[in-house]
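# Close look at the chain arrangement
The primary structure of each chain is shown beneath.
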Amino acid sequence: MAEPPTTHIHDLPDVILSTILAAISSTRSRNTAALVCRKWRQVERTTRTSLTLRGKVRDLCHIPTCFRSVTNLDLSLLSPYGHGLLSPSSDPSLISQLLYRSFPSVTSLAIYARTPLILQYLARQWPSLTHVKLVRWHQRSQSPPGSDLEPLIINSHSLSSLDLSEFYCWTEDLPPALESHPSVSYNFTRLNLLNLSFSEGFKSHELRSISASCPNLKEFLAACMFNPSYIGFVGDEALIDFSKNCPKLSLLHLADTASLSNGPDDPEDEDFSFEDSRISRAALIEVFTNLSLLEELALEFCKNVRDSGLALEVLNSKCPKLKSLKLGQFHGICLAVGSQLDGIAICSRLESLSIKNSADLNDMGLIGIARGCSKLAKFEVVGCKKITWKGLRTLCSILHRTLIDVKISCCKNFNSSSSLQAVSPISDRIQRLHIDCVWNDSTKQIEDREVYGFDLNKLAENSTDYEKSKQKKLKYSVDMDSDSGCSYMNSNGNAFWSRTWEQLKYLSLWIAVGELLTPLAKAGLEDCPNLEEISIKVEGDCRERPKPLQHAFGLSSLARYPLLSKMQLDCGDTIGYALTAPSGLTDLSSWERFYLCGITSLNLNELDYWLPQDRDVNQRGLSLPGAAWLQQCVTLRKLVIHGTAHEHFLMFFPHVPNLRDVQLREDYYPAPENDTTEMRIDSYSRFEDALNGRPIPD
């Protein structure tokens, strides 16, 4: 009897195999697939559409030529980071032609453009570019306004999207360039100008000029000057004119430069800012009426916008597609008087809501938002002084079927324990969480047994139509057992909350300088079996602080999370003495030892590390203790250091057996201009040769 024919994956038609490989998004998985056989390698190369080149600028002659289908090309991370792609010693025309022949299909480009020379040559090679992202952390050269962008706009007639969010420039650079080329600017559909390098942001006349030049914009993000103390601030007239000029917007994000600063709000500050903004309720209503296609809206001001509830109610009727809303310094957003819904609670279609510095938002306002915005999957509350864990806990109880992403920061009545108690009703569903590590008085609110209990059957009488049609008639109440630290939420008498944060995959923490991380588990995060990524931001001035009594920050306590493989440790806003500290004080090397001690207990695959800094000398350098601790992370495959490092310290890393990718980025304002001892090109090239010259086990 003949054996039945066997079918192998190699028997699949090339079209089907190409479709399968094209659906793989992970770069490492695609590289693995390319090693199966020559056929798979060819199919993988022909289906790859996105590529980030991590080669060396000096070795551009070795550019791969097999990725001819790539449409999205990122050249912004070539090493040494921040140095010119086209060096004076090379032939710029020859290199640009070589890049074009290797990647002829590019329509989206990211490039570190330290000088206009790079854009002058590359834009000519790809005239069909539709999206460009420019990166520059170094100071702008003393050239006429618009000269940095002129070569790009002249040669890219199909350009429709421009990202300058990481491009150090002036606000005066963009309007002249757009006005000089109306045919190109008319086709723009996306502009990202949310740039931290702007000291003041776009003025009213600049905002009018941009909107008049780009009437077809669909996405616009920008840092603006809303402070009425400055000449040319953005007020009612500028906002109304902007909305009339760009009626097709689906995404609008306007933020005051002061709200973009990295520093957190002080929970003890006054609820209202010192003065009001010049944005009126009538102007907001007219803007919302003009922008009927909005799907995402973010308005982050630094001055008070009072009595905004009525204007926000208009959003529900005038912007029916709105799904995401972010508000900063808006007051009166939900008064919650009686059982009638008002303000932002009317916007029943919202799926993401972020509220920052709303002075009069209280617990009843949170409950009103939960009742009205029943589709919320993401909720952020920052700097709201009157809300408590009871109100937020009730919100989570009502939204327990949809809410999976929560951020609680800089709220006066919240510490770490109360933040976790507030989100405990969704502990079995939440996937992303941010809290502040505030350990003081950690038991004060946990012992408080008063919570909100309410019957949704009664509240539903005054709810929106959507809420009436979708809401089940359930009675919710929340209670707490102060003895065991357990929380329960009852639905028809059935408790279903447990201690385990089963679905939590991403955790973000803010912690003040000098504080320890070890109390995190006792606060309520002792069991997170699926936690994969954690982000820790350390902030504060350690120049006047004594040396920590403990020798370690507490990273070893994170070893309780078995799947943790990615970490962002951000000490970029930790200020200290990079050089010799005054007598009795500690320099940054000791603080770096304190924060990295214990990191070897973790099985990390990827680490992003922002070095602490000395602002007086503009130095963010890796110290000897820091390099020694990182060298002992034997499981690391990718290491990104945001700062500088001596060659001697870099040579520690080739001894890490699994390390494949080390990036040294000066991605902060202002990046060092000169070829310092920490960032000499020859030194970094020798390190790369040593790293890449090792045998690779896998």
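Presented here is a report on the structure given in the accompanying data block. (Residues numbered from 1 in each chain as written. Predicted model: local features only at pLDDT ≥ 70, side-chain atom pairs only at ≥ 80, totals over all residues. Heavy atoms only, no water.)

With respect to burial, strand β21 (residues 566-575) is a largely interior element, nine of its 10 residues being buried. Inspection of the sheet shows strand β20 (residues 533-541) paired to β21 by eight bridges, in the parallel sense. Bridging from a neighbouring strand, D541 pairs with I575 of β21. Bridge count between β21 and strand β22 (residues 606-610): five bridges; the pairing is parallel. Across the sheet, residue M567 finds its bridge partner in β22, namely L607. Note on the crossover from β21 through helix α19 (residues 588-596) to β22: the handedness is right-handed. (Buried < 20%, exposed > 50% of the residue type's maximum accessible area, 1.4 Å probe, protein only. Helix = DSSP H or I, 4+ residues; strand = E, 2+ residues; numbered from the N terminus. Pairing = 2+ DSSP bridges. Right-handed = clockwise from strand over helix to strand, strands pointing away.)

Moving on, we come to empty space enclosed by the protein. Taken as a whole, this structure holds eight cavities of 30 Å³ or more when the rule is applied. Within this model, the largest cavity holds a volume of roughly 50 Å³. As for the largest cavity, its lining consists of 10 residues, of which L75, L78, H83, L85 and Y112 are closest to the centre. Looking at the lining of the largest cavity residue by residue, the classes come out as seven nonpolar, three polar and no charged. (1 Å grid on protein atoms, 1.4 Å probe; cavity = no way out; pocket = protein on both sides within 12 Å on 5 of 7 lines; lining within 4 Å. Points joined across faces, edges and corners; volume = space filled by probe spheres on them. Nonpolar A, V, L, I, M, F, W, Y, C, P; charged D, E, K, R; others polar.)

Side chains of a nonpolar character, in soluble globular proteins, are inclined to be buried together. Of all hydrophobic cores here, the largest spans 181 residues; its most connected members are F220, I536, L558 and F653. What F653 contacts, discounting residues up to four positions off in sequence, is L622, A627, L630, Q631, L639, I641, L659, V662, F687 and R694. By size, the runner-up hydrophobic cluster in this structure holds six residues, among which are L77, Y112, V135 and W137. (Core = buried A, V, L, I, M, F, W, Y, C linked by side-chain atoms within 4.5 Å. Contact = heavy atoms within 4.5 Å.)

In this structure, the amide linkage connecting S79 to the following residue, P80, adopts the cis form with an omega of -5 degrees. Even without a glycine there, the phi angle at Q329 is positive, about 70 degrees. Its place among the elements puts Q329 in strand β10 (residues 324-330). Located in the positive-phi region is N618, a residue other than glycine, with phi close to 50 degrees. Look at N618 and you get partly exposed, because its relative accessible area is 29%.

Our focus in this paragraph is the packing of aromatic side chains. Summed over all chains, the structure comprises 14 aromatic pairs. Lying across the ring of W170, R140 places its NZ or CZ 3.8 Å from the centre. Here R620 stacks its cationic end above the ring of Y668, 4.3 Å away from the centre of that ring. (Phe/Tyr/Trp six-rings, centres within 6.5 Å; stacked < 30°, edge-to-face > 60°. Lys NZ or Arg CZ within 6 Å of the ring centre and 35° of its normal.)

A pair can form between side chains of opposite charge whenever their charged atoms are brought close. Under the defined criterion, the tally for this structure stands at 25 salt bridges. The salt bridge partner of R615 is D573, with a shortest N-O separation of 3.5 Å. One end of the pair, R615, is in the loop between β22 and α20 (624-631); the other, D573, is in strand β21, and 42 residues separate them in sequence. One connected set of salt bridges, linked through shared partners, spans R30, E44, R45 and R48. (Salt bridge = Lys/Arg side-chain N within 4 Å of Asp/Glu carboxyl O.)

Right, let's get into the environment of P657. Considering the arrangement of structural elements, one finds P657 in the loop between α21 (647-650) and β24 (661-665). Residues P657 and I696, 39 residues apart in the sequence, show an inter-C-alpha distance of 8.3 Å.

With that settled, consider the pairing of β24. On a regular strand, each side chain points to the face opposite its neighbour's, so the side chains alternate between the two faces of the sheet. Counted residue by residue, β24 has five buried out of five residues, so it is predominantly covered. The alternating pattern of β24 places D661, Q663 and R665 and V662 and L664 on opposite faces, both of which are buried. Here strand β23 (residues 638-642) runs beside β24; their pairing, made up of five bridges, is parallel. Looking across to β24, one finds that H642 is bridged to R665.

This part is about the packing of helix α9 (residues 204-213) against helix α10 (residues 236-245). Look at α9 against α10: their axes get within 9 Å of each other, and the N-to-C directions meet at 5 degrees. In terms of their interaxial angle, α9 and α10 are classed as roughly parallel. Along its contact with α9, which presents S204, L207, R208, S211 and A212, the element α10 presents E237, A238, D241, F242 and N245. Here the residues of the contact of α9 with α10 sort into four nonpolar, three polar and three charged. (Axes fitted to C-alpha atoms, helices over the stretch in contact; angles between N-to-C directions. Parallel < 35°, antiparallel > 145°, perpendicular 65-115°, else oblique.)

A few words on the layout of surface pockets. A volume near 2000 Å³ is recorded for the second largest pocket. What lines the second largest pocket is a set of 47 residues, among which T27, N31, R54, R660 and D661 lie closest to the centre. Counting residues per element, the ones that place at least two in the lining of the second largest pocket are α2 (27-34), α3 (38-47), β1 (50-52), β24 and α22 (681-692). The element that contributes the greatest number of residues to the lining of the second largest pocket is α2, accounting for five residues. Taken together, the residues of the lining of the second largest pocket break down into 15 nonpolar, 15 polar and 17 charged.

Note that S424 resides in the loop between α15 (416-422) and β14 (432-436). Polar contacts involving the side chain of S424 include one to the side chain of R393, which spans 2.5 Å. From its side chain, S424 meets the backbone oxygen of Q421 in a polar contact 2.7 Å long. (Polar contact = N/O pair within 3.5 Å; in protein donor to acceptor, adjacent residues only side chain to side chain.)

Structural measurements only, silent on function.
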